[in-house]
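Structure assessment
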Amino acid sequence: MTPATKPAGSPASGPRSTGAAILSAVAIIALLYFGRNLFVVVAFALFLAFALRPFVSLLERARVPRIAAILMLLFVLIGAIVLLVINVTAQLNLFYSDLPRYQARIRQLLTNVMDFINTLRERMGNILPADQRGVREVKISESPLDTTRALFAQIGDVIQFVLYAAAVPFLTLFMLKDREKFARVIEGLLTKSPRYGRTHVTGAISRAMTAYALGLSFVMLIMAAATTIALMVLQINYYYILGPIAGLAILLPYVGVIFSTVPAIAVAYFQYDGRKALAVFAVYSLLQFLEGNVLTPLIVGGRVRLFPLTVMVAFIFWGLLWGIPGAILAVPLTSALKVVCENVAGWEGFARLLGEPDPPPEAV
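Now for a description of the structure that goes with this document. None of the values given here were measured: they were computed from a predicted structure.

Further remarks concern the overall build of the chain. For the chain, the helix and strand inventory stands at 13 helices and 0 strands. Walking the chain from its N terminus toward its C terminus, one meets helices and strands in the order α-α-α-α-α-α-α-α-α-α-α-α-α. Buried positions account for 31% of the 364 residues belonging to the chain. For the chain, contacts bridging at least 24 residues in sequence account for 72% of all contacts bridging at least 6. In the form shown here, the chain has an accessible surface area of approximately 23,600 Å², with 71% of it arising from carbon and sulfur atoms.

Below is the structure:
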């Protein structure tokens, strides 16, 4: 007599599979964390490749060689970034030259803030026990050697950032040049979901990500242009900095509004008065309302159907994992993960946790 064998779906296999899944998830998170410099560069290059792909295809239809089309678009993009840096530098120099005029108003604001803090401290001191009211004096001294080390560390960080930033266009070039080869490799690694029939998984992922990247780029350009024009009409200085910041702030969900609005209000207050600051606040509120309720739903729309809770959790997760670059890439990375899960057999349940299901793409 032979012993009875346990079926494949027996309860004993459940804990093993669950434990293996947990260990795999932990290993993937550790890999993403310790290799964050590499993965951040690759993620930015992928996002840029998806955004430029429609323009490359358009130039190819006009019988422009692919390499020439990619180089042309990258040169235009890099040139725009250089012009932006030049304008930002000019505006910063203008700010430093105008800083003496703002010092009186800045001192008054700091005095009001310190008075409020002192008043609050006195009230809290009456509540706290007597032994907790004392203030300890701490003297900090730094040796010249520590200062030199800190200086070299900062220089090294700047050089490292420049090298990583320079790697992004090169990776984008190779991704766009050999996109069919990469697609075939990825297609062979993934098991296609039966729901999608004869369609290609990589094609569905590429279409969704390209539409999202292109739509988000248009929204950023519109917001940057509208904010810059509005600040020019209000005669607010440094609009070449504040306008693009308003466009780039869209990349940071929830907190990007704060980073773009507060500097503009501060500049309006220091340059004029509280009325002008209120006018800037009203303009920013109107533009952000139009962006959140008109532009983004109309242009980006249903390209990426993530739940609001998913966006918040993704923002926190990727921000903790990769810092500011992770917070910027939170929505694209999570949306790409959702599309992958939705198109791969056996992963559809994870996609339903992230957002609403997308309609099956047309067969290619």
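The next subject is helix α2 (residues 36–61). For α2, with 26 residues, the first-to-last C-alpha span of 37 Å sits near the 38 Å given by 1.5 Å per residue. After α2 finishes, the residue Arg63 shows a positive phi value of roughly 65 degrees.

Turning our eyes to something else, we now look at the environment of Val331. Among the structural elements, Val331 can be located in helix α12 (residues 330–343). Considering only alpha carbons, one finds Val331 and Phe315, 16 residues apart in sequence, at a separation of 7.3 Å. With residues up to four places along the chain from it excluded, the contact list for Val331 reads Tyr212, Pro253, Leu306 and Val311.

Before going further, it helps to examine unusual backbone geometry. Its identity as a non-glycine residue notwithstanding, Gln235 has a phi of 60 degrees, on the positive side. Here Gln235 lies in the loop between α6 (201–233) and α7 (239–248). Here Tyr238, not a glycine, exhibits a phi torsion of approximately 65 degrees, which is positive. By the element assignment, Tyr238 lies in the loop between α6 and α7.

Our focus in this paragraph is the nonpolar core. The biggest cluster of nonpolar side chains holds 17 residues, and the ones touching the most others in it are Tyr212, Leu216, Met223 and Ile250. Looking at this core, the elements that each hand over two or more residues are α2, α6 and α9 (274–300). With 6 residues, α6 is the largest single contributor of residues to this core.

Right, let's get into the packing of aromatic side chains. With the rule as written, the count across this model stands at 5 aromatic pairs. On the basis of an interplanar angle of 80 degrees and a centroid distance of 5.2 Å, the ring pair of Tyr33 and Phe34 is categorised as edge-to-face. Joined through ring pairs, the aromatic side chains of Phe317, Trp318 and Trp322 make up one cluster. Note that Lys276 overlies the ring of Tyr272, its terminal NZ or CZ placed 4.8 Å from the centroid.

What follows concerns a nonpolar patch on the surface. A surface patch of nonpolar side chains, amounting to about 520 Å² of accessible area, comprises Leu109, Val113, Met114, Phe116, Ile117 and Leu120. Its place among the elements puts Val113 in helix α3 (residues 66–127). Residue classification places Val113 among the partly exposed positions, given a relative accessible area of 39%.

With that out of the way, let us pick up the pattern of salt bridges. This structure, assessed with the given rule, holds 2 salt bridges. In this structure, the salt-bridge partner of Arg66 is Glu60, at a minimum N-O distance of 2.7 Å. Under the relative-accessibility criterion, Glu60 is labelled partly exposed at 26%.

Let us now look at the side chain of Ser260. Position of Ser260 relative to the elements: it lies in helix α8 (residues 256–271). Aside from chain neighbours lying at most four places away, what touches Ser260 is Ile245, Ala246, Ala249, Tyr284 and Gln288.

Scoring rules and cut-offs
Residues numbered from 1 in each chain as written. Predicted model: local features only at pLDDT ≥ 70, side-chain atom pairs only at ≥ 80, totals over all residues. Heavy atoms only, no water. Helix = DSSP H or I, 4+ residues; strand = E, 2+ residues; numbered from the N terminus. Buried < 20%, exposed > 50% of the residue type's maximum accessible area, 1.4 Å probe, protein only. Contact = heavy atoms within 4.5 Å. Areas by Shrake-Rupley, 256 points an atom, 1.4 Å probe, with all protein chains shown as cover. Expected span 1.5 Å × (residues − 1). Core = buried A, V, L, I, M, F, W, Y, C linked by side-chain atoms within 4.5 Å. Phe/Tyr/Trp six-rings, centres within 6.5 Å; stacked < 30°, edge-to-face > 60°. Lys NZ or Arg CZ within 6 Å of the ring centre and 35° of its normal. Patch = residues over 30% accessible without salt bridge, like charges linked within 9 Å, V, L, I, M, F, W, Y side chains within 5 Å. Salt bridge = Lys/Arg side-chain N within 4 Å of Asp/Glu carboxyl O.

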